[in-house]
Amino acid sequence: MNKVSPKVAIYGRVSIREQKDNLNRQVERLRKYCQEKGYEELIEFVEIASGLNDKRRQLHKMINAVIRKEVNLIVVESKDRLSRFGLRLIYHFFEGMGCKVEAIETEPSKDENKELVDDMLALITPFSARLYGKRRGRKKLKEELDI
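Residues numbered from 1 in each chain as written. Predicted model: local features only at pLDDT ≥ 70, side-chain atom pairs only at ≥ 80, totals over all residues. Heavy atoms only, no water.

S.K.: Residues and numbers for the overall build of the protein, please.
M.R.: What the protein contains, in helices and strands, is four helices and four strands. If you list the helices and strands of the protein from N to C, you get β-α-β-α-β-α-β-α. The proportion of buried residues among the 147 residues of the protein is 32%. Long-range pairs, those at least 24 residues apart, make up 73% of the contacts in the protein with a sequence separation of at least 6. Accessible surface for the protein amounts to roughly 10400 Å². Of this, 54% is attributable to carbon and sulfur atoms. (Helix = DSSP H or I, 4+ residues; strand = E, 2+ residues; numbered from the N terminus. Buried < 20%, exposed > 50% of the residue type's maximum accessible area, 1.4 Å probe, protein only. Contact = heavy atoms within 4.5 Å. Areas by Shrake-Rupley, 256 points an atom, 1.4 Å probe, with all protein chains shown as cover.)

S.K.: Quick rundown of unusual backbone geometry? Include the residues and the values.
M.R.: Backbone geometry places E41, a non-glycine residue, at a positive phi of 50 degrees. For E41, the location among the structural elements is in the loop between α1 (20-37) and β2 (43-48). Within the chain, K69 stands out as a residue other than glycine whose phi angle is a positive 65 degrees. Relative to the helices and strands, K69 resides in the loop between α2 (57-67) and β3 (73-76). The exposure class assigned to K69 is partly exposed, which follows from its relative accessible area of 45%.

S.K.: Let's hear about the environment of E47: which residues, and what values?
M.R.: Mapped onto the fold, E47 is located in strand β2. Assessed through its relative accessible area of 9%, E47 is described here as buried. Linking E47 and V14, residues 33 residues apart in sequence, is a C-alpha distance of 6.9 Å. Setting aside residues no more than four positions away along its own chain, E47 makes contact with Y11, G12, R13, V14, L23, R56, R57, Q58 and L59. Among the polar contacts listed, one links the side chain of E47 to the backbone nitrogen of Q58, at a separation of 3.0 Å. (Polar contact = N/O pair within 3.5 Å; in protein donor to acceptor, adjacent residues only side chain to side chain.)

S.K.: Run through the pairing of β2, naming residues and quoting values.
M.R.: In this sheet, β2 lies alongside strand β1 (residues 8-14) in parallel orientation, the contact comprising six bridges. Looking across to β2, one finds that V14 is bridged to I48. Once you follow β1 into α1 and on to β2, the crossover reads as right-handed. (Pairing = 2+ DSSP bridges. Right-handed = clockwise from strand over helix to strand, strands pointing away.)

S.K.: I'd like to hear about the confidence of the model for the protein, residue by residue, with values.
M.R.: Put simply, the protein has an average pLDDT of 83, and 73% of its residues get 70 or more. Ranking the elements of the protein by mean pLDDT puts helix α4 (residues 110-145) last with 65 and β3 first with 97. (pLDDT = per-residue confidence, 0-100.)

And the structure:
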């Protein structure tokens, strides 16, 4: 009986355009890894977007490919490439769809740690701006009312 080869997708992601060179190297590492494993006919999903952003086009396209059974193995450089939060939920969904996720690195690199800090700042910044905006608004109102 012949072994059926997996339908493989690679997913590469960086947070910001300044990391485009890192993204290109990441995709090359993923391709090389797949070639060494004998995975053929790769579908590539590559994007520049924060791991906190849930409106990532390429991630959505990959999820749709899994739903349509066009992919049953996803190869990523590290687990957090798919998402910064809710990763267990994403993995559970893929498992339920009969799709395995393979991470080629288990330890985050320094670049990934920096990217996590950048993502956290991107998450905190709008909330702090809104908070300070409300404070300014109250202060301005007090000044206008001469309180």
